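Now for the letters of each chain:
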Amino acid sequence: MIHTDEDDEFERIDRENAMKGQPYHYDVYVSPSQRNTVLEEVAKAFDAMKNGGDTTAGFAIYIRGMKR
């Protein structure tokens, strides 16, 4: 098996979590309204990036489309 930099990073995270005793949890419930609020904040940040032109405007549209 080939060992990659990504594997090293996952092992580092596991070691750090073992030291803290608090693993990462990805199964935390986030309500749709909380999710939509965060997505809108991210979209607004892309809108504020004036030097990105159509690219950042496109990202903002895509992110707004992720709302539920």
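Scope of this entry: the structure provided in the associated data block. No experiment lies behind these values; they were computed from the predicted model shown.

Its location among the elements puts Ala-57 in helix H3 (residues 54-64). Residues Ala-57 and Lys-44 lie 13 residues apart in sequence; the distance between their C-alpha atoms is 9.7 Å.

Given 3.6 residues per turn, any residue in an α-helix points the same way as the ones three and four places further on. The complete set of buried residues in H3 reads Thr-56, Ala-60 and Ile-63. One side of H3 holds all its buried residues, which, seen down the axis, span an arc of 65 degrees. Turned more than 90 degrees from where H3 packs its buried face, Asp-54, Thr-55, Ile-61 and Tyr-62 sit exposed. As for H3, its buried residues are in contact with helix H2 (32-48).

Moving on to the pattern of salt bridges. Summed over the entire model, instances satisfying the criterion amount to 4 salt bridges. Salt-bridge contacts for Glu-9 lead to Arg-12; the nearest nitrogen and oxygen are separated by 2.3 Å. Remark: Arg-12 and Glu-9 occur in helix H1 (residues 5-20); sequence separation between them is 3 residues, near one turn of the helix. The exposure class assigned to Arg-12 is partly exposed, which follows from its relative accessible area of 30%. A salt bridge links Asp-47 to Arg-64; the shortest N-O distance between them is 2.8 Å. Residue Asp-47 is located in helix H2, and its partner Arg-64 is located in helix H3; the two are separated by 17 residues in the primary sequence. We classify Asp-47 as partly exposed; its relative accessible area is 32%. A network of salt bridges, in which partner residues are shared, links Glu-40, Asp-47, Arg-64 and Lys-67.

What counts as what
- Residues numbered from 1 in each chain as written.
- Predicted model: local features only at pLDDT ≥ 70, side-chain atom pairs only at ≥ 80, totals over all residues.
- Heavy atoms only, no water.
- Helix = DSSP H or I, 4+ residues; strand = E, 2+ residues; numbered from the N terminus.
- Buried < 20%, exposed > 50% of the residue type's maximum accessible area, 1.4 Å probe, protein only.
- Arc of directions from axis to C-beta.
- Contact = heavy atoms within 4.5 Å.
- Salt bridge = Lys/Arg side-chain N within 4 Å of Asp/Glu carboxyl O.

All quantities given are derived from atomic positions and should not be read as evidence of function.
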